Amino acid sequence: MTSLTIRRPDDWHLHLRDGDALRAVLPHTAAQFARAIVMPNLKPPVTTTGQALAYKRRIIEALPSGSKFEPLMTLYLTDRTDPTEVEKARASGAVHGFKLYPAGATTNSDSGVTDIRRVDSVLARMAELGVVLQVHGEVTDPNIDVFDREARFIGAVLAPVIERYPNLRVVFEHITTREAVEFVRGARKGVAATITPQHLLMNRNALFTGGIRPHHYCLPVLKTETDRRALLEAIASGDPRFFLGTDSAPHARHTKEAFCGCAGIYSAHAAIELYAEAFEAAGALAQLNGFASEHGAAFYGLPYNEGTVTLTKESWDVPASYRFGSDELVPLRAGEKVLWRVAQ
Ligand code: DOR
Ligand code: ZN
C-alpha cells in the first residue's frame, strides 16, 4: 500500500507544557490531530477545574491561526483532591478525566498520590459520574526493578481499584508490557489502554545503541522485544480497548543530555507517520483508522471527527532539532528518516 486515508485522528495522551514551550510544540499536534487529552503535569500541576479552563484558554490562544484543534483537559489527582472537584470537572464539559500519577513515578509527579486509598472518595465520585481515570501505571518502590514497575503495578494497585469500583472507567496509559496487554484484554468493560509510537517501534536495546541514548529515555521505560511484540499484536487485533496516545513529552535538549536526564520522548512532529510505520510492520495498516481515530472517541463518549488525513509511503528526513522557546528539542528519529508522510 502506498497511500492510506483515515478519519482525522485524536491523541489521547499528550504533553503540551506552557508558555514558549507550548507555542513551539502545539503546531505539530494541531496539524495532525483534531483533539488531544492534555496532561496536567505542569509546574505547579493543574489540579482544579478553574486551572484547567485557564490552561485550555492558553492553549487555544497559542494555536496557529485557522487551526481547529480542541484541547481536552484532565486534572492532576493529589492526596488532597476534594470529591466535589469531580462534580465541577463534569459540569465544565471541558475536563474529560483525572490523571493518577503515583507520587515520584515520573516527570512532575511530586504532588501525585502517595497511597491510592487516599483518593478513594474521589474515585467513588468519578465512578458515579462516569469521569475517566487515566493511570500512569508504575509502582514507585525503588527496590523494584525499573523494568518490572508496570507489571507490578497491575497486581498492587490497578486490579484492586478496578475491582473496588466496578463502574469506574479507566485508561491504563502508555502500556509497555505483555502483562499489561493481557490484563487489558481480560479486564471488565470500561477498561482500555493507550499505546505510544516509541513502545511499538523500539525495544530497550534502543537505549544503548552504540552508547547511551538519552532521547530514547521515557517512562515507562522501553521494554523487551517480547513486550514490544505483544503491543504489536494488540494493535493488529483491532481490539477497540487499545487506542492512540503518543505521550509526546518535549524537554529542552540540555535537560535530557545531562548528568541526570529527564524522561520523555518527543514524537508530535511525526506522530501519525510513526504509528503508520508500526502498523505496516505489524501487517495491520487496515487497523490504523480504528486505533487512531475511532476507539478513543468511542471510549470517551465523544463524536468521531469529520474529515480525513491521507498518508503516503514517502520517506522524509526528520530535522536534527526543533526550536523550543529559547532552547531546542531533539525529536524522535532526529537526523533520520520517517517512512510515511502526511499529504498536505
Ligand atoms: O517519559 C515521560 N515523560 N513519562 C511521563 O510519564 C511524563 C512525561 C513528561 O511529562 O515529560
Ligand atoms: Zn505522559
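Residues numbered from 1 in each chain as written. Chains lettered and ligands numbered in written order. Predicted model: local features only at pLDDT ≥ 70, side-chain atom pairs only at ≥ 80, totals over all residues. Heavy atoms only, no water.

## Considering the pairing of strand 3 (residues 35-38)
- Where burial is concerned, the two faces of strand 3 agree: the one with R35 and I37 and the one with A36 and V38 are both buried.
- Bridging between strand 2 (residues 10-14) and strand 3 involves three bridges; their strand directions are parallel. Its bridge partner being in strand 3, D11 is matched across the sheet by A36.
- Tracing the backbone out of strand 2, into helix 1 (residues 19-32) and back to the parallel element strand 3 gives a crossover that is right-handed.
- Following the backbone out of strand 3, through helix 2 (residues 49-61) and into the adjacent parallel strand 4 (residues 70-76), one traces a crossover that is right-handed. (Buried < 20%, exposed > 50% of the residue type's maximum accessible area, 1.4 Å probe, protein only. Helix = DSSP H or I, 4+ residues; strand = E, 2+ residues; numbered from the N terminus. Pairing = 2+ DSSP bridges. Right-handed = clockwise from strand over helix to strand, strands pointing away.)

## Quick look at the site of ligand 1
- The local shell around ligand 1 holds 13 residues, among which R17, N41, T106, L219 and H251 are the closest.
- T106 places a side-chain nitrogen or oxygen 3.0 Å from an oxygen atom of ligand 1.
- Expressed as a share of its isolated accessible area of 290 Å², the protein-covered part of ligand 1 is 100%. (Near = heavy atom within 4 Å. Polar contact = N/O pair within 3.5 Å; in protein donor to acceptor, adjacent residues only side chain to side chain. Areas by Shrake-Rupley, 256 points an atom, 1.4 Å probe, with all protein chains shown as cover.)

## Some words on the pattern of salt bridges
- Counted according to the given criterion, the structure contains 21 salt bridges.
- A single salt-bridge network, built from bridges that share partners, covers E87, R125 and E128. (Salt bridge = Lys/Arg side-chain N within 4 Å of Asp/Glu carboxyl O.)

## A word on the nonpolar core
- The biggest cluster of nonpolar side chains holds 101 residues, and the ones touching the most others in it are L123 and L288.
- Considering each element in turn, this core owes the most residues, seven residues, to helix 10 (residues 271-281).
- I37, M39, Y76 and V171 belong to the second-largest nonpolar core, a separate cluster that totals 14 residues. (Core = buried A, V, L, I, M, F, W, Y, C linked by side-chain atoms within 4.5 Å.)

## Here's the deal with the state of the cysteines
- Applying the stated rule across the entire model yields zero disulfides.
- Between C218, a cysteine without a disulfide, and C262, which holds the nearest cysteine sulfur, the sulfur-to-sulfur distance is 13 Å.
- Among the cysteines around C262, which has no disulfide bond, C260 carries the closest sulfur, lying 7.7 Å off.
- The exposure class assigned to C262 is partly exposed, which follows from its relative accessible area of 25%. (Disulfide = S-S within 2.5 Å.)

## Structural notes on the coordination of the zinc ion (ligand 2)
- All of the protein donors around the zinc ion (ligand 2) are H13 (NE2), H15 (NE2) and D247 (OD); their distances to the metal are 2.0 to 2.1 Å.
- As a motif over one chain, the donors of the zinc ion (ligand 2) read H-x1-H-x231-D. Linking H15 in the loop between strand 2 and helix 1 with D247 in the loop between strand 9 (242-244) and helix 9 (253-256), this pair joins segments that are 232 residues apart in sequence. Assigned by exposure class, H15 and D247 land together as buried. (Donors = N, O, S within 2.8 Å, 3.2 Å for Na, K, Ca; no water.)

## Focus: unusual backbone geometry
- Residue P44 is bonded to the preceding K43 through a cis peptide linkage, with omega at -5 degrees.
- Relative to the helices and strands, P44 is located in the loop between strand 3 and helix 2.
- Omega for the bond connecting L219 with P220 falls within 30 degrees of zero, at -5 degrees, which places this linkage in the cis form.
- Inspection of the secondary structure puts P220 in the loop between helix 7 (197-201) and helix 8 (225-236).
- Even without a glycine there, the phi angle at D247 is positive, about 55 degrees.
- Taking relative accessible area as the criterion, D247 reaches 7% and is therefore assigned buried.
- Phi is positive for R333, which is not a glycine, with a value near 70 degrees.

## Considering the side chain of K56
- As for its position among the elements, K56 is in helix 2.
- No salt bridge is formed by the buried K56. Its closest oppositely charged neighbour is E70, at 4.2 Å.
- Ignoring anything within four residues of it in the chain, the contact list for K56 reads E70, P71, M73 and A94. (Lys, Arg positive; Asp, Glu negative; His and termini not counted. Contact = heavy atoms within 4.5 Å.)

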